[in-house]
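# Structural description and commentary
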Amino acid sequence: MNRDVKLDVAAPATLALTLGRVRVEVSPRPFGLAVWRDDHCVIEDLRLWAAEGTAVDRLIRVTEGVIVAEELGPREHVGELTVVSSTATDLVLAGATDRARPVRLALGLRAERVTIELAAEDAPLRLAATWQRGAGERLVGLGARHGLDFDQAGRAPYLGADRRYTGPDCP
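Worth saying up front: this structure is predicted, and the values here are computed from it rather than measured.

## What about the pattern of salt bridges?
A full pass over the atoms with the stated rule returns eight salt bridges. Across the pair arginine 110 and aspartate 90 runs a salt bridge, and its minimum N-O distance is 3.0 Å. Of this pair, arginine 110 sits in strand S10 (residues 102–110) while aspartate 90 sits in strand S9 (residues 90–97), and the two are 20 residues apart along the sequence. Under the relative-accessibility criterion, arginine 110 is labelled partly exposed at 43%. The exposure class assigned to aspartate 90 is partly exposed, which follows from its relative accessible area of 25%. Each of Glu52, Glu76 and Arg101 takes part in one network of salt bridges that share partners.

As structure tokens, this is what we get:
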């Protein structure tokens, strides 16, 4: 396995971090991100966003369930970013959302794992990522789920809580 680590900044439109079989391609203007393993695109056109809002979780003691009430404001999409610092395995970018909220993005590549850390000024309620799902792609492992379906695609999960209670057999 190739253990060479490279930061490719030859093309100003796209930056790439590579470690072994994994490559992360970043387009800073406008922001977009893709993750590749070998010749297969694992995550395509990842976009980041922030949203203000309110959330109130209410614990139901009898069932130990949680009723989630959340209201989000409009999404603020991360726009153009500039490189703050870069090493062979890390990239830090800064910029703003389309509503002028300053953001900072840190990308890291370690042992074929990609870390993405987004921080936004004034701590909005939600920082999130969206990406294009591949044809036939199935999703699982998005937190504690109580759904009866194995495929979690198309759901908007609230990690650690769910709006559905499936009955007494559900722990």
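There is more to say after this.
## Remarks on the pairing of strand S8 (residues 76–86)
In terms of strand pairing, strand S5 (residues 40–51) meets S8 through two bridges, oriented antiparallel. What sits directly across from alanine 50, in S8, is glutamate 76. Where S8 meets S9, six bridges bridge the pair, whose relative direction is antiparallel. The partner of serine 85 across the bridge, within S9, is valine 92. Where S8 folds back on S9, the antiparallel hairpin that results is connected by three residues.

Cut-offs and rules
- Residues numbered from 1 in each chain as written.
- Predicted model: local features only at pLDDT ≥ 70, side-chain atom pairs only at ≥ 80, totals over all residues.
- Heavy atoms only, no water.
- Salt bridge = Lys/Arg side-chain N within 4 Å of Asp/Glu carboxyl O.
- Helix = DSSP H or I, 4+ residues; strand = E, 2+ residues; numbered from the N terminus.
- Buried < 20%, exposed > 50% of the residue type's maximum accessible area, 1.4 Å probe, protein only.
- Pairing = 2+ DSSP bridges.

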